[in-house]
Amino acid sequence: MQKPRILPHPTTKQGVLFLCRMGFPAQKKMIYYTSDLHFGQKSLLATGKWKERPFETLEEMHASQIKRWNDKVTNGDDVYIAGDVGARGYHNMFPELLAQLKGRKHLVLGNHDDVSDLRVRQQFVEIVNYKELTDFSKGKKGKGNEARKVVVSHYPIMMWNGQHKGTILLYGHLHNTVDEKLFQQYLKEYNEARPPKASRGETECRAFSVCQCLWDYEPVSLDEILARNNKDIVIR
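Peer 1: Lay out the sheet that holds strand β2 (residues 78-81) with the relevant residues and their values.
Peer 2: A sheet is described by the order of its strands in space; here four strands give the open sequence β1-β2-β3-β4, paired in parallel fashion. A strand with exactly one partner marks an edge of an open sheet, and here the two such strands are β1 (31-34) and β4 (126-128). Neighbouring strand axes in the sheet, compared pairwise and without regard to direction, differ in orientation by 20° on average. Bridge analysis of β2 against strand β3 (residues 104-108) gives four bridges, and the strand direction is parallel. Bridged to D78 within β3 is R104.

Peer 1: Break down the environment of E60 for me, with residues and values.
Peer 2: Here E60 is to be found in helix α2 (residues 58-72). Separated by 15 residues in the primary sequence, E60 and L45 have C-alpha atoms spaced 9.8 Å apart. Setting aside its immediate chain neighbours within four residues, E60 contacts P54 and F55. A polar side-chain atom of E60 sits 2.8 Å from the main-chain amide nitrogen of E56.

Peer 1: Can you tell me about the environment of V210, naming the residues and giving the values?
Peer 2: As for its position among the elements, V210 is in the loop between β8 (206-209) and α6 (222-228). A relative accessible area of 2% places V210 in the buried class. Distance in space between the C-alpha atoms of V210 and L174 is 9.7 Å, their sequence separation being 36 residues. Excluding residues within four positions of it along the chain, V210 makes contact with Y33, T34, S35, A82, L170, Y171, W215, V220 and I225.

Peer 1: Can you tell me about the side chain of H164, naming the residues and giving the values?
Peer 2: Examined against the element boundaries, H164 turns out to sit in the loop between β6 (145-153) and β7 (168-171). In this structure H164 comes out as buried when scored by relative accessible area, which is 17%. One polar contact links H164 to Y190, side chain to side chain, over a distance of 3.3 Å. Among all residues touching H164, those that are not within four sequence positions of it are Y190, R194, G201, E202, T203 and C205.

Analysis parameters
Residue numbers run consecutively from 1 along every chain, following the written order of its sequence. In view of the model being predicted, local features appear only for residues whose pLDDT reaches at least 70, and side-chain atom pairs are presented and counted only at 80 or more, with totals across whole chains, interfaces and linings using the full set of residues. With hydrogens and water set aside, each side-chain value is computed from the structure's full complement of heavy atoms. Pairing between two strands is assigned when DSSP locates at least 2 bridges connecting them. Put simply, DSSP H or I for four residues or longer makes a helix, DSSP E for two residues or longer makes a strand, and each gets a number counted from the N terminus. Axes here mean lines fitted to C-alpha atoms, for a helix over just the part in contact, with angles spanning 0 to 180 degrees between N-to-C directions. The contact criterion used is simple: two residues touch if any of their non-hydrogen atoms lie within 4.5 Å. We call two N or O atoms a polar contact when they sit within 3.5 Å, provided that within protein one can donate a hydrogen and the other can accept it, with sequence-adjacent residues counted only if both atoms are side-chain atoms. Per-residue accessibility, obtained with a 1.4 Å probe over protein chains only, is compared with the maximum for each type, and a residue is labelled buried under 20%, exposed over 50%, and partly exposed between these values.

Below, the structure is given as structure tokens:
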């Protein structure tokens, strides 16, 4: 009896080549970033203590987050979450909501995250405290793709690996508070006081928040982050 043929997974290189040979168009794999989903945190609602978000109920917030995520992300994409999925405690991590989100989810732990529940851990391809990776964005004058090193941390940090060599820091935690404004002000003053040395191939240090409340409650690509360049961020 002939053994059944095992087909390669469509997100692998072999899988993409197989689909192309079969006549299916290749789909570009994307990398997205987000943070501070805060499933279950009532204090962030329009009716809550902090009144950060435009939603009246948790059900409304969760439904909007899931829809906006899945309208953009495919199951072949990678999404790096810079912490704070839930609202503290394993019972507030909502694996049933995480399971509805498309893509390969990578969790960089935040202060609200509790991954002691196996059902929560199973939702992520990796769970780390800090992440370094290589992403691609539009090159100069919007032509081609340029490899860029990225550091993902829940917390904004003053010094990170490769910060003078073009490595970009993506973080969460600060939401749209005055702390976000102060961190960006520090970074601006740091770059002015310690300008990059062209002779060493240095660049200005750049860091961007990927908190959901700053990005219309959806994951964003590196191109989107660099295009906005911290403009039009409303601080409450």
